[in-house]
Amino acid sequence: MLQTGTGLLADRLKSQSRLWLGDHLYRYFERLEDNFHRRSLTATDPAEQIELLAQQIAVKQGQDEAFRLFADHINSAFNTKRAYELGSTPDLDRLAQRLERLPNDYVQHEKPQLSYFCRAISPITVLAGFQQILVPLKLEAAHRHQALTMFQGLVIQELSKLYDALLESLPIENQTQNLEGWISHIKQQLLEKNLSTQERALTETRLNRLLKLHSNNSSQPLSSAVFDPSDSELLEAAAIIFHQLPTRRRLSSGILASLNTLQTSVSTLALRDRSTYLHPLHPARQVCRQIISTLGHWDDAPPAQRQQFETELKAIVRTFTDHDISANQFSNVREKVDACCQHLLQTIKFNDKRNLNAEVGQKRLTRLRRKVHEMLDAKISGIELPVSIDNMLYGPMTTIILYHWLRHGSNSGPLRRSLQLIDDILWYIQPHSDWTELRRAKAMSKDIEKDLSDGLQRINYGYHATQTLIEELHQLRLIASGRSTSISQPDAKR
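Everything numeric here is computed off the predicted structure, so don't read it as measured data.

A tally of regular secondary structure across the protein chain gives 22 helices and zero strands. Here the protein chain holds 494 residues, and 44% of them are scored as buried. With an accessible surface of roughly 27300 Å², the protein chain has 51% of that area assigned to carbon and sulfur atoms.

Okay, the packing of aromatic side chains next. All told, the structure shown has nine aromatic pairs when counted by the stated rule. Ring geometry for Phe320 and Phe330: centres 4.0 Å apart, planes at 15 degrees, overall stacked. A residue pair is termed long-range when its members are at least 10 positions apart, and Phe320 in the loop between α15 (303-318) and α16 (327-332) and Phe330 in helix α16 qualify at ten residues. Residue Phe320 is classed as buried on the basis of its relative accessible area, which comes to 1%. Of the aromatic side chains, those joined through ring pairs into one cluster are Tyr26, Tyr28, Phe29, Phe67, Phe70, Phe130 and Phe151. The positively charged end of Arg440 is found above the aromatic ring belonging to Trp427, 4.0 Å away from the centroid. Across from the ring centre of Tyr428, 5.7 Å away, lies the NZ or CZ of Arg477, which sits over that ring.

As a further point, take helix α21 (residues 435-458). Here α21 is 24 residues long and its end C-alpha atoms lie 35 Å apart, about the 34 Å a rise of 1.5 Å per residue gives. At Met444, α21 is bent by approximately 35 degrees, the largest bend along its length. Downstream of α21 by a residue or two, Asn460 has a phi angle that is positive, lying close to 60 degrees.

With that settled, the discussion passes to the nonpolar core. Of all hydrophobic cores here, the largest spans 45 residues; its most connected members are Tyr28, Leu32, Leu95, Phe117, Val126, Ile133 and Phe151. When residues in this core are grouped by element, the largest group, ten residues, is from helix α1 (residues 6-42). What Phe117 contacts, discounting residues up to four positions off in sequence, is Leu13, Lys14, Ser17, Phe78, Leu95, Leu99 and Leu166. One finds Leu234, Leu245, Ala270 and Ile325 within the second-largest nonpolar core, a separate group that totals 35 residues.

Chain-level pLDDT for the protein chain is 78 on average; 79% of the residues reach the 70-or-more range. Contacts for the low-pLDDT stretch residues 1-7, under 50 throughout, to residues beyond four places or in other chains number 25 contacts. Here residues 219-227 is a poorly scored stretch, pLDDT under 50, and it has eight contacts once near neighbours within four places are set aside; other chains count.

Attention now goes to the environment of Gln244. Along the polypeptide, Gln244 turns up in the loop between α12 (231-243) and α13 (253-272). For Gln244, a relative accessible area of 53% gives the class exposed. For the pair Gln244 and Ser293, spaced 49 residues apart in sequence, the C-alpha to C-alpha distance is 8.5 Å.

Here we come to the pattern of salt bridges. This model, assessed by the stated rule, comprises twelve salt bridges. Asp91 serves as the salt-bridge partner of Arg94, at 2.1 Å between the closest nitrogen and oxygen. Of the two residues, Arg94 and Asp91 are both situated in helix α3 (residues 90-101); the distance of three residues between them amounts to about one turn of the helix. Since its relative accessible area comes to 39%, Arg94 is described here as partly exposed. Judged by its relative accessible area of 21%, Asp91 falls in the partly exposed class. As a salt-bridge pair, Asp300 and Arg370 come within 3.0 Å of each other at their nearest N and O atoms. A residue pair is termed long-range when its members are at least 10 positions apart, and Asp300 in the loop between α14 (283-295) and α15 and Arg370 in helix α18 (residues 360-379) qualify at 70 residues. The class for Asp300 is partly exposed, based on a relative accessible area of 28%. One continuous salt-bridge network, built from bridges that share partners, spans Glu65, Arg68 and Asp72.

The next subject is helix α8 (residues 141-154). With 14 residues, α8 should reach 20 Å at 1.5 Å per residue; the first-to-last C-alpha distance of 20 Å fits that figure. Taken as a whole, α8 has its buried residues at His143, Ala147, Met150, Phe151 and Leu154. Burial along α8 is one-sided: seen end-on, the buried residues are contained in an arc of 105 degrees. Of the exposed residues in α8, the ones pointing more than 90 degrees away from its buried face are Ala141 and His145.

Between helix α19 (residues 387-408) and helix α20 (residues 413-428), whose axes approach to 8 Å, the crossing angle comes to 160 degrees. Here α20 runs roughly antiparallel to α19, going by the angle between their axes. The residues of α20 that touch α19, namely those facing Met392, Leu393, Met397, Ile400, Ile401, His404, Trp405 and His408, are Pro414, Leu415, Ser418, Leu419, Leu421, Ile422, Ile425 and Leu426. Tallied by class, the residues present in the contact of α19 with α20 amount to 13 nonpolar, three polar and no charged.

Let us now look at the packing of α13 against α14. Where α13 meets α14, the axes come as close as 11 Å, and the angle between the chain directions of the two elements is 160 degrees. As summarised for this structure, α13 and α14 are arranged roughly antiparallel, according to the angle between their axes. α13 and α14 meet at a crossing whose hand is left-handed. Residue-level inspection shows Ile255, Leu259, Leu262, Val266 and Leu269 of α13 in contact with α14, the latter providing Ala284, Cys288, Ile291, Ile292 and Leu295. A per-class count over the contact of α13 with α14 returns ten nonpolar, no polar and no charged.

The next thing to look at is unusual backbone geometry. Residues other than glycine seldom take positive phi values, yet Lys138 does so here, at roughly 55 degrees. Inspection of the secondary structure assignment puts Lys138 in the loop between α7 (130-137) and α8. You will see that Asn460, though not glycine, has its phi angle at about 60 degrees, which is positive. Inspection of the secondary structure puts Asn460 in the loop between α21 and α22 (463-483).

Basis of the calculations
Residues numbered from 1 in each chain as written. Predicted model: local features only at pLDDT ≥ 70, side-chain atom pairs only at ≥ 80, totals over all residues. Heavy atoms only, no water. Helix = DSSP H or I, 4+ residues; strand = E, 2+ residues; numbered from the N terminus. Buried < 20%, exposed > 50% of the residue type's maximum accessible area, 1.4 Å probe, protein only. Areas by Shrake-Rupley, 256 points an atom, 1.4 Å probe, with all protein chains shown as cover. Phe/Tyr/Trp six-rings, centres within 6.5 Å; stacked < 30°, edge-to-face > 60°. Lys NZ or Arg CZ within 6 Å of the ring centre and 35° of its normal. Expected span 1.5 Å × (residues − 1). Bend = angle between axes of the 7 residues up to and from the residue. Core = buried A, V, L, I, M, F, W, Y, C linked by side-chain atoms within 4.5 Å. Contact = heavy atoms within 4.5 Å. pLDDT = per-residue confidence, 0-100. Salt bridge = Lys/Arg side-chain N within 4 Å of Asp/Glu carboxyl O. Arc of directions from axis to C-beta. Axes fitted to C-alpha atoms, helices over the stretch in contact; angles between N-to-C directions. Parallel < 35°, antiparallel > 145°, perpendicular 65-115°, else oblique. Nonpolar A, V, L, I, M, F, W, Y, C, P; charged D, E, K, R; others polar. Left-handed = near helix turned anticlockwise from the far one by under 90°.

Next comes the structure, spelled out in structure tokens:
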């Protein structure tokens, strides 16, 4: 039988909240550090300038310990049995009310735990976490008010976005359709031959309760409300789970191959289980969601554990290639999927604890590199690039951006110029048909060469390697020029 307890829902909501709070907290640290840096540049008193620079360094060195204390505070709030009281935050009120309206058979007897969850992510609880970060950041009394104001603007006032995201992740709030889905699911369970006597009795009791509830909430008989999805709807529902993976760029080829095979198998099963596949508790959907959720933490896993997970996932996916694929096959591998996913996540958690006292600069560099790669992903989305340019952007150009980010700050002129250089390069190597754009591309050649050479020199990139990159850009420009069409030269003067 399927495992449907709230523990799975509560754990997912907690994990989603931790990720959101962690991202916004580190963004707050960066903005706070930049604030002290900018103020030191404009300070006229040398003593004040030294004090602001010292405060900037303190924030940089203490942010990981501050993050740990803040995370401990939130985790403690998750485990505190104190229910959320409606009336203070409308967005959180809506989330709490939706959790309260979830069917009892879905959440069983764990609704109080979801109420504790809402209390733990409330503005008053998150704001109390600010006290936890004061000591490791070594914020002087004169700067605490401004630091608190920034915390309220960057974290507290953004909490409504977290509440909206959590609300969207909950099951669809259509009680009649939800009940019908559960009734269909439980009837399917009763057809299984391996149910014990106790399991069958409990399942029949649950079915009778849901049928009674459905008859009270619907004026139409169940048979008249049957939902028959089309093939395209079923295939889209099968694919959308895999599209929730943030990026596939850094996944190994073995993982990508397993995901492709798994998606093909699930699509085949969706077309067979037409009446039950769209239910959120279908075994295939549960297995796929767990795998995709785990792969969202792929970057944080050690290489050895990545290789082990890849091997185990390949073995699991291999069982789904039979022509007689069924939901029972996914139910049978659920424990194996649980085991390999939990092993990878536990390894990540242990690795995080072990590296807690590692050098702060290296940890920040890794985090910033990931952010730079995400910015590059957004810039080149939908653009087919040559391999050499792709390697340049995610290699030396990333290092140039990190150099300026760490040296001058996230809002500095050098960093903005480096990002603009990327845009110029992407535009430069594309074909253009307008005469003005062709002249502009020709004029940009020297500036791009100089800016790229200066940036590579700052990161000690080799001279010959630099010349190779520049020559590659020139060749791509020539190729793009040859592909340009419909060139309309300006009319000659009469």
